[in-house]
Amino acid sequence: MTDAALATPAPTLPLRQRLVRGLLYGRKDRSAKARARIGFIMLIFAAVYAVIAARLVTYAVVGDSHGMRRGVAQDATATARPDIVDRNGEILATDVKAPSLYGEPRRIIDTDEAIELLTATLPDLETGEVRQRLSARKGFVWLKREITPQQQQDIHRLGIPGIGFLRENKRVYPSGPEVAHLIGLVNIDNQGIAGIEKWLDNNGLADLHRAGFASDRQQQPVELSVDLRVEHALRDELLRAREKFHAKAASGLVSNVHTGEIVAMVSLPDFDPNNPKEAHDPDRINRLTTGVYEMGSTFKAFTLAMALDSGKANLNSMYDDRGPLHYGKFTIHDDEPKGRFINMKEVFTFSSNIGAARIALGQGVEAHKAFLAKMGQLQRLRTELPESAAPLVPHRWGELNTVTIAFGHGVAVAPLQAVMGIDALVNGGYLIPPTFLKRTEAEAMAVAKRVIKPDTSDKMRFLLRLNAEIGTARKADVPGYYVGGKTGTAEKVINGRYAKKRVLTAFTAIFPADAPKYQLLVMLDEPQSLPETHGFITSGWNAVPTGGKVIARIAPLLGIEPRFDLPPAERLILAASKESR
Amino acid sequence: MISREQRTPFSQWWWTVDRLQLAALVTLMLAGIILSLAASPPVAARIGLDPFHFFNRHVLFLLPSFTVMVAVSFLSPRQIRRSALIVFALSVALIVATLVIGPEVKGARRWITILGVNIQASEAAKPAFVVLVSWLFSESARRPEMPATSMALVLLLSLVALLVAEPDFGQTMLILIVWGSLFFIAGMRIIWVFGLAGAASAGLFAAYLLVPHVAGRIKRFMDPASGDTFQVDMATESFSHGGWFGQGPGEGTVKRILPDSHTDFVYAVAAEEFGIILCLVLLALFAFIVLRTLSRAYASDDLFTRFAASGLAILFGVQAAINMAVNLHLMPAKGMTLPFISYGGSSMVSLAYGVGMMLALTRLRSSIEVQSIDAAYGARQPA
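The residue numbers shown here count from 1 along each chain, following its written sequence. Chains and ligands are labelled by the order in which they are written, letters from A for the one and numbers from 1 for the other. Under the rules for a predicted model, residues below a pLDDT of 70 receive no local features and side-chain atom pairs below 80 are neither given nor counted, while totals for whole chains, interfaces and linings still include all residues. Side-chain calculation: all heavy atoms of the structure are included, whereas hydrogens and water are not.

Colleague: What should I look at first to understand the overall build of chain A in this one?
Modeller: Numbering of helices and strands runs from the N terminus, with a helix taken as a DSSP run of H or I at least four residues long and a strand as a DSSP run of E at least two residues long. Counting its regular elements, chain A contains 20 helices and 20 strands. For chain A, with 581 residues in total, the buried portion stands at 54%. The contact criterion used is simple: two residues touch if any of their non-hydrogen atoms lie within 4.5 Å. Sequence-distant contacts in chain A: of pairs separated by 6 or more residues, those separated by 24 or more amount to 70%. Reported accessibility uses the Shrake-Rupley method at a 1.4 Å probe radius. Residues are deemed covered only where the shown protein chains occlude them. Just so you have it, chain A exposes about 25900 Å², and 54% of that area is on carbon and sulfur atoms. For the exposure calls, accessible area comes from a 1.4 Å probe over protein chains only, and a residue counts as buried if that area is under 20% of its type's maximum, exposed if over 50%, partly exposed in between.

Colleague: Would you mind showing me how to read the pattern of salt bridges here?
Modeller: For side chains of opposite charge, pairing can occur when their charged atoms come near one another. All names here are of chain A. Each salt bridge in this description consists of a side-chain nitrogen of Lys or Arg and a carboxyl oxygen of Asp or Glu lying within 4 Å of one another. Counted by the stated rule, this structure contains 32 salt bridges over all chains. Lys144 serves as the salt-bridge partner of Asp124, at 3.4 Å between the closest nitrogen and oxygen. Separated by 20 residues along the polypeptide, Asp124 in the loop between helix H5 (111-121) and helix H6 (127-135) and Lys144 in strand S3 (residues 141-144) bring together distant segments of the chain. Its relative accessible area of 21% is what places Lys144 among the partly exposed residues. Among the salt bridges present, the one from Arg340 reaches Glu346, with a minimum N-O distance of 3.0 Å. Take Arg340: its relative accessible area is 34%, and that puts it in the partly exposed class.

Colleague: Where do I start with the packing of helix H3 (residues 30-62) of chain A against helix H11 (residues 266-299) of chain B in this structure?
Modeller: For helices, the fitted axis covers only the stretch in contact; all axes are lines through C-alpha atoms, and the angles between them, taken along N-to-C directions, range from 0 to 180 degrees. The contact between H3(A) and H11(B) brings their axes to 10 Å, and the two run at 170°. On the basis of the axis angle, H3(A) is roughly antiparallel to H11(B). In this classification, Asp, Glu, Lys and Arg are treated as charged, Ala, Val, Leu, Ile, Met, Phe, Trp, Tyr, Cys and Pro as nonpolar, and every other residue, Gly included, as polar. Taken together, the residues that form the contact of H3(A) with H11(B) break down as 26 nonpolar, 2 polar and 1 charged. Under this scheme an angle from 65 to 115 degrees is roughly perpendicular, one under 35 degrees roughly parallel, and one over 145 degrees roughly antiparallel; angles in between are oblique.

Colleague: Is there a simple way to think about the nonpolar core in this case?
Modeller: If you look at soluble globular proteins, the nonpolar side chains tend to sit buried side by side. For the purposes of this section, nonpolar cores are sets of buried Ala, Val, Leu, Ile, Met, Phe, Trp, Tyr and Cys residues that join through side-chain atoms within 4.5 Å. Of all hydrophobic cores here, the largest spans 116 residues; its most connected members are Phe129(B), Phe137(B), Tyr267(B) and Phe316(B). For this core, the leading source of residues is H11(B), giving 17 residues. Setting aside residues up to four positions removed in sequence, Phe137(B) forms contacts with Tyr25(A), Arg30(A), Thr149(B), Ala152(B), Trp179(B), Leu182(B), Phe183(B), Ala186(B) and Phe307(B). One finds Ala357(A), Leu385(A), Val411(A) and Ala424(A) within the second-largest nonpolar core, a separate group that totals 91 residues.

Colleague: Teacher, can you tell me more about empty space enclosed by the protein here?
Modeller: If a probe the size of a water molecule is rolled over the atoms, the empty space left behind becomes visible. Residue and element names in this part refer to chain B. Every definition here rests on a 1 Å grid over the protein atoms only: cavities are sets of points where a 1.4 Å probe fits but cannot get out, pockets are open sets enclosed by protein on both sides within 12 Å along at least five of seven lines, and lining residues have some atom within 4 Å of a point. Grid points are joined across faces, edges and corners, and a volume is the space filled by probe spheres set on the points. Enumeration over the complete set of coordinates arrives at 4 cavities of 30 Å³ or more. If you add up the space inside the largest cavity, you get close to 110 Å³. Together, Glu123, Lys126, Pro127, Leu312, Leu315, Phe316, Gln319, Ser350, Leu351, Gly354, Val355 and Met358 line the largest cavity. Of all the secondary-structure elements, those providing two or more residues to the lining of the largest cavity are helix H5 (121-142), helix H12 (303-327) and helix H13 (345-361). Of the residues forming the lining of the largest cavity, the biggest block, 5 residues, is contributed by H13. For the lining of the largest cavity, the class distribution of residues is 7 nonpolar, 3 polar and 2 charged.

Colleague: Would you take a moment to explain the interface of chain B and chain A for this structure?
Modeller: Where interface size is quoted, it is often the accessible area lost as the parts come together. In this complex, chain B contributes 61 residues to the contact, which on the side of chain A involves 42 residues. Interface of chain B and chain A: buried area, both sides summed, is about 4500 Å²; carbon and sulfur atoms make up 66% of it. Viewed at the interface, chain A and chain B are joined by 1 salt bridge. The partner of Arg35(A) in a salt bridge is Asp301(B), with the nearest N and O atoms 3.0 Å apart. Of all elements in the fold, only H5, helix H7 (169-185), helix H8 (190-210), helix H10 (230-242), H11 and H12 of chain B reach the threshold of two or more residues within the side of chain B that touches chain A. Among the elements that line the side of chain B that touches chain A, the one with the most residues is H11(B), at 14 residues. Broken down by class, the residue content of the side of chain B that touches chain A amounts to 38 nonpolar, 15 polar and 8 charged. Simply put, the buried area is the total loss of 1.4 Å probe accessible area from both parts when two parts are fitted together.

Colleague: Hey, could you run me through the side chain of Thr98(B) in this one?
Modeller: Here Thr98(B) lies in helix H4 (residues 77-101). Those residues in contact with Thr98(B) that sit more than four places away from it in its chain are Arg109(B), Arg110(B), Trp111(B) and Ile112(B).

Colleague: Any chance you could explain the sheet that holds strand S9 (residues 262-268) of chain A here in plain terms?
Modeller: Strand pairing within a sheet occurs via backbone hydrogen bonds; the two strands may be parallel or antiparallel. Residues and elements named next belong to chain A. Two strands are said to pair when DSSP picks up at least two bridges between them. Taken in spatial order, the 5 strands make up an open sheet running S9-S8-S20-S19-S18, and their pairing is antiparallel. One side of each edge strand has no neighbouring strand; the edge strands of this open sheet are S9 and strand S18 (484-494). Each strand axis lies, on average, 15° off the axis of its neighbour in the sheet, ignoring direction. Pairing of strand S8 (residues 249-256) with S9 involves 6 bridges; the strand directions are antiparallel. Within S9, the position partnered with Ser255 by the bridge is Ile262. Of the strands in this sheet, S8, S9, strand S19 (497-511) and strand S20 (518-525) are in contact with helix H16 (residues 415-426), which crosses S20 at around 145°. Sitting on the sheet, helix H18 (residues 454-470) touches S18 and S19, and the angle it makes with S18 is about 80°.

Colleague: Before we go on, may I ask you to explain the pairing of S8(A) in this structure?
Modeller: Consecutive residues of a regular strand have side chains that alternate between opposite faces of the sheet. Residues and elements named next belong to chain A. With 8 of 8 residues buried, S8 lies mostly within the body of the structure. Of the two faces of S8, the one lined by Ala249, Ser251, Leu253 and Ser255 and the one lined by Ala250, Gly252, Val254 and Asn256 are each fully buried. Across 8 bridges, S8 lies against S20 in antiparallel orientation. Along S20, the bridge assignment pairs Ala250 with Leu524. Counting the residues that bridge the hairpin from S8 to S9 gives 5 residues, and of these Gly260 lies at a positive phi of roughly 75°.

Next up, the structure:
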């Protein structure tokens, strides 16, 4: 035998075995191969264990999905909101803490037991819904928001695992429906969804929450321009008026003519923000900002102001009122035709449609359009309230449009918009964007824009006062407050036609007319005739007396000193105006 | 106290055994006690036992386990082979007995009660099997005339047949992995690696098609929305919940819900209460034990020692890796205990037997001793 044969016993093996071995193991040195392969297996183990370690580390770093869930829950509850107060510091909206019941379905051991115990304690909890929520494969579900401390105690005593409480902020409106439209409301997560509440969210509050601040710490209360006492008086009178005249709706607004602040705003029917179920009823919209209306004769004030401000006409300019005004196939009538030439004062006090139309025609279509645009009547008015509506303006504005718009038909504006315009007519000529937040006169002047001459403004005050002395607004002349005002009765458009018996009556009042401080707007939607109104449904018989009652109640609250035995407007306003120039 | 001067059996053991390895194993056992205290009382309470039932038994089993481990580590390779043969024969007999007279629990016959002790015979069969197969593979290299490879295959198929009959797919998988690895280490040609991998995939695919609950588990792993992944969901959530430092002892919540919190999901319980850092420490201990044994096996000159130590390390390491991976949702749910941490009496004793052999095989031996063994073989080799 050779040395090689000694070293490898293989050749001594039968051929079959050699073949099998060769096939299985190959011909290499198996000892060295085994070493290398153990090394390889060590590498594999190291790799597998490294993967497990990496997974562990990612769990630790990426972390706490549970915590994240909690975070979301806290986010929902942390929406602490600032208090909202009226101009005198009365609380209109505030947060109170209320416990809310939640479940963590993955931690609940016996769902059936949990449901049984919970529904026994909270009878208004619906079994099916609770079952559905608790069976969801979620980490966190709300079961009932804002329960009482007693209920919380009871459920706590049941000791159900996977059921817990979070203290939430519940929004409370102590004044109930008084300021409903103005303040708006919040949803169950305390996020503003309407009115000033939504404005708060849109202006930084939501960002603040997202950034994680503004949780429970005290936030600066938000001061509104509204005066709760005035608001209440206005709402009270409007409720009575709405009932008395069987009106579909009633709304009112008090505005400070020098600052543009809205001191009171009521739109009936309204809702209780504490119980927001009826808030989305379309009948309960805020008619002062969200609705647009043809303001009727109230608009004549703009027509006359335009003419006076242009210098082309004065208070004694005469207009032909001998018969109806024919324009194309249309004929314009007056309610009380005079059958003669009338001057501008008479146009206003008799509320002559023909006169107003002739005044506007005298200025021309373009000037009319430009003036109304300058007065902010043709663009959408935006305030703090998120709810707003764009005015309806004719696409093609011809002479016929000017004729009708001159007496308030053909353009529909939000009443708040008209109030802003009238403010400008009487406050010396400054158009001030209205606000629901407290504002000083200086701040208002910073955003104000002069739109008419002071002299024109004096004349407008005279005309408004004159209307209360001898015109259609006599029933609102509350002694001592020198009220001036303009009425408006607009026939409503029903199915594309003006309906004679369905009107929207409006009364715009300023007081005191010699140096106006406040403007009041009262609107009644479809007031019915009563025996005491002798079958009339025009503004003078419903909106005006209502306005009078409101002024009698709110003027003292607004700190207006009553003055008696004042001379008539002719002497007090007009003469003083002439003297000063 | 333990002097090198006097060669008592104990001092000889002490100075040759891998003391770091021993320390790692004892640490693991102690960790097991603490985690059992965390994970098992809610389970015991839930099934109406004394809250400390599982804990007491855990400790009770730890004492014989420790004894077995140390005692076995005294054995020489030859004694190990012989004891393994006996243990294997006994446990196979027990498995057969289990199949015949064992009670059916959850659709499987895995347990047999002898003298009031529940025994899972397949647990004890695993390490003995690994040692026998290693011996066969080493013989195949040394004594080509012996049909060792075929015998190893026969051994594998018979054990697998018994395990599938129980059925116990987890153990089957483990056995197949270890056998394949040993064959690989023994020098099988690379082409057969692909062959085995192909066979393994085919087997898995067959299980997927034929065994509904295997299919279900794989589907749920791939697409958690397809079925109830409650246990695994809870487990993964407990890792996130625990974070680096855990919620603190007794603050865990998963253990109250998971039915297997004291066995298959003890790792998740550990994470929730003691944090991911502890999990990483446990992982490091397992990795240390496995890699240290493998590196000792690598250094060993004796083929049998090398194969058997590697095989036992792989058995131990794969079992731990599978358990942790399932807890972390890295692989489909598979019931597998975490060595020395999970509760399980027969599992713990057989693990102790396995690591005892691991310690014995990784003991330092003088080169003279090794040569004498080789010489003994050489003398028997036919010229």
